[in-house]
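Reading the structure
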Amino acid sequence: MLNDHFFFLLCVKLFPVLNNGRTPTCVPAANMSTGPGGLGGDNLKYVVMVGAACVGSLTYVTAADSTPASLKVPAHTPYLLIGGGTASFAAARSIRARDPGARVLIVTEEPDLPYMRPPLSKELWFSDDPSVTETLRFKQWNGKERSIYFQPPSFYINPEELASAENGGVAVLAGKKVVHMDVRGNKVKLDDDTEISYDKCLIATGGVPRNLQVIERAGEEVMKKTTLFRKIEDFKSLDKVSRNVQSITIIGGGFLGSELACALGRRCKTIRQSSLEVIQMFPEKGNMGKVLPEYLSNWTTEKVKKEGVKVISEALVKSVTCKDDKLEIHLKDGRLVKTDHIVAAVGLEPNVDLAKSAGLEVDSDFGGFRVNAELQARSNIWVAGDAACFYDIRLGRRRVEHHDHAVVSGRLAGENMTGANKPYWHQSMFWSDLGPDVGYEAIGIVDSSLPTVGVFAKATAKDTPKAATEKSGTGIRSESETEDTATSPEASVTPAPPVTHKDDYGKGVIFYLRDKVVVGIILWNVFNRMPIARKIIKDGEEHADLNEVAKLFNIHED
């Protein structure tokens, strides 16, 4: 509930409001507090000096582009977190849990408060709210509504008040970029030449979307009609484009490309926007070809087509030109695809801009800042999330680009910044939903070049992401999965019926092997079993019969 004590902020000149173009003369703001976990009720309405969010009909105010000149940035902070994404937020929460009086400053280039990225390519597209691009609220598969922001603005304190806050807190300095890092002097420089010193620092700079070189070389006209999808603004921009063009082509057959293709395809069918043609092209033979075994990749491609997507496989882009206000994509085999807009979903480049000034090592194989098993790059510098190339004590050196890894690594970094000295051993999971009917969860190293063993069963109505979340009551699956542990799972006593693998992959388990040991597992339309998969990988044992191991997941139960 709102605090009864309000004060009014000077608004019009310092805080332009992005709410359908209307600017109120003043906006009420609640007193800042640490607040409970999760987002409050629908009546929560706050204003904050940094970030942008929406609840109900009231838009939070952003001052990132109009920060008053008198705003005093803290000259020193005990905990400095560079980057405002999931890893930083997880670290901040972890630091505060172990050190309740900690003062934490998050510096982020984005104008927004920390938010979760998965809904940008998943649930937000299925919203029937015409103002979803402003509210950024969505219904999860379980029917519950929430915002993409981890916490409301009331959770944070003003950066100016951080040094004097009696009980500490978390402050966000938005719209600011760290451009130089002095490791010996324990300080950083911002893009406005402001310097901030720190005791301990986390680098969680994430990554930037890759683009195809042929698009970059094609010139400004082509680039204007190309989206590199990563942030809130990208979602808003693509949403607007999808309502004003006749054709969108998504280049890329991985997680993001396939999710966006399905989301746009299904949305067109749902709102009867039949005039929009959704095309997806990629160099592999089928969707998720670098992750799924070929038979399952081909099966998935057929599912994507049923969502209203025109799939063009084995497509290598030779050049892109703009002619008569249309983009022409020339493929190396001579095929030509005409479209109005391109979404390039071809991977992520870890943001290691600070490596040179900081003198930090970048891994030559995987990219990202090279850190140890405790996520340390230096004695008082840690790295988490997409930008961290870490040593996994079970699976070796890795770099992972998934939401749940950002949660797990950020939380671990925060613990170690407060003296825990814990190695990375808790395997993060990742998930992808191709609409409400097909979803999978995965853990470990899932690479289609590895030997695989798949065990499948006939799916029922309850074997979908939507049904699973309705039963469990959870929405963002990593929030519940990362807290669970498995001790001694019991195998199903139900005998395994014979399954025809020709075209029935309703649900199942796919094991990925390296030197006869399971190093990765995909749970295909099998939910709430991740702790079992985690334990199998942690044990690192050879298994004579993986059909028997699959029984631990009870996939043959109705």
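What you are looking at is a predicted structure, and each value in this text was computed from that prediction instead of being measured.

Time to look at the confidence of the model for the protein chain. In the predicted model, the protein chain carries a mean pLDDT of 83, and the fraction of residues at 70 or more is 78%. This model gives residues 1-69 a pLDDT under 50, and the stretch forms 133 contacts once residues within four places in sequence are excluded. Here residues 478-501 is modelled with pLDDT under 50, and outside its nearest four sequence neighbours on either side it reaches 48 contacts, counting other chains as well.

Evaluation of the coordinates by the stated rule reveals 14 aromatic pairs. Taken together, a centroid distance of 5.2 Å and an interplanar angle of 40° make the contact between Y295 and Y505 tilted. Taken together, the positions of Y295 in helix α8 (residues 294-306) and Y505 in the loop between α12 (477-481) and β31 (507-514) put the pair 210 residues apart, joining distant regions of the chain. Taken together, the aromatic side chains of Y295, W299, Y440, F456, Y505 and W524 make up a single cluster linked through ring pairs.

You can see V317 is positioned in strand β18 (residues 317-323). Given a relative accessible area of 14%, V317 falls into the buried group. Along the primary structure V317 and Q213 are separated by 104 residues, whereas in three dimensions their C-alpha atoms are 9.9 Å apart. Excluding residues that lie within four positions of it along the chain, V317 makes contacts with L212, V214, I251, M281, I329, H330, L331 and K332.

Let us now look at the side chain of E284. Of note, E284 is situated in the loop between β16 (277-281) and α8. No salt bridge is formed by the buried E284. Its closest oppositely charged neighbour is K290, at 4.1 Å. Excluding anything up to four places from it in sequence, E284 contacts G289, K290, S313 and E314.

Attention now goes to the packing of helix α1 (residues 86-98) against helix α10 (residues 403-417). Running from N to C, α1 and α10 cross one another at 35°; their axes reach a closest spacing of 7 Å. For the crossing formed where α1 meets α10, the hand is right-handed. Along the contact surface, α1 presents T86, A87, A90, A91, S94, I95 and R98, while α10 presents H403, A406, V407, G410, R411, G414, E415 and M417. In the contact of α1 with α10, the residues fall into seven nonpolar, five polar and three charged.

The phi dihedral of L375 falls on the positive side, at around 70°, and the residue is not glycine. With respect to the element layout, L375 can be found in the loop between β23 (369-370) and β24 (376-378). We note that N421 has phi near 55°; this positive angle belongs to a residue other than glycine. Mapping N421 onto the fold places it in the loop between α10 and β28 (429-433).

Looking now at the pattern of salt bridges. Summed over all chains, the structure comprises 25 salt bridges. Between R370 and E361 there is a salt bridge; the shortest N-O distance is 3.8 Å. Judged by its relative accessible area of 48%, E361 falls in the partly exposed class. A salt bridge links R398 to D392; the nearest nitrogen and oxygen atoms lie 3.1 Å apart. With respect to burial, R398 and D392 carry one shared label: buried. One network of salt bridges, in which partners are shared, links D239, R243 and R267.

Moving on, we come to the sheet that holds strand β21 (residues 341-344). The strand order across the open sheet built from five strands is β14-β21-β15-β16-β17, with neighbouring strands paired in parallel fashion. The open sheet has two edge strands with one neighbour each: β14 (226-228) and β17 (309-312). Direction aside, the axes of adjacent strands within the sheet are offset by 20° on average. Each of β16 and β17 is contacted by α8, which is oriented at about 145° to β17, the strand it contacts most.

Calculation rules
Residues numbered from 1 in each chain as written. Predicted model: local features only at pLDDT ≥ 70, side-chain atom pairs only at ≥ 80, totals over all residues. Heavy atoms only, no water. pLDDT = per-residue confidence, 0-100. Contact = heavy atoms within 4.5 Å. Phe/Tyr/Trp six-rings, centres within 6.5 Å; stacked < 30°, edge-to-face > 60°. Helix = DSSP H or I, 4+ residues; strand = E, 2+ residues; numbered from the N terminus. Buried < 20%, exposed > 50% of the residue type's maximum accessible area, 1.4 Å probe, protein only. Lys, Arg positive; Asp, Glu negative; His and termini not counted. Salt bridge = Lys/Arg side-chain N within 4 Å of Asp/Glu carboxyl O. Axes fitted to C-alpha atoms, helices over the stretch in contact; angles between N-to-C directions. Left-handed = near helix turned anticlockwise from the far one by under 90°. Nonpolar A, V, L, I, M, F, W, Y, C, P; charged D, E, K, R; others polar. Pairing = 2+ DSSP bridges.

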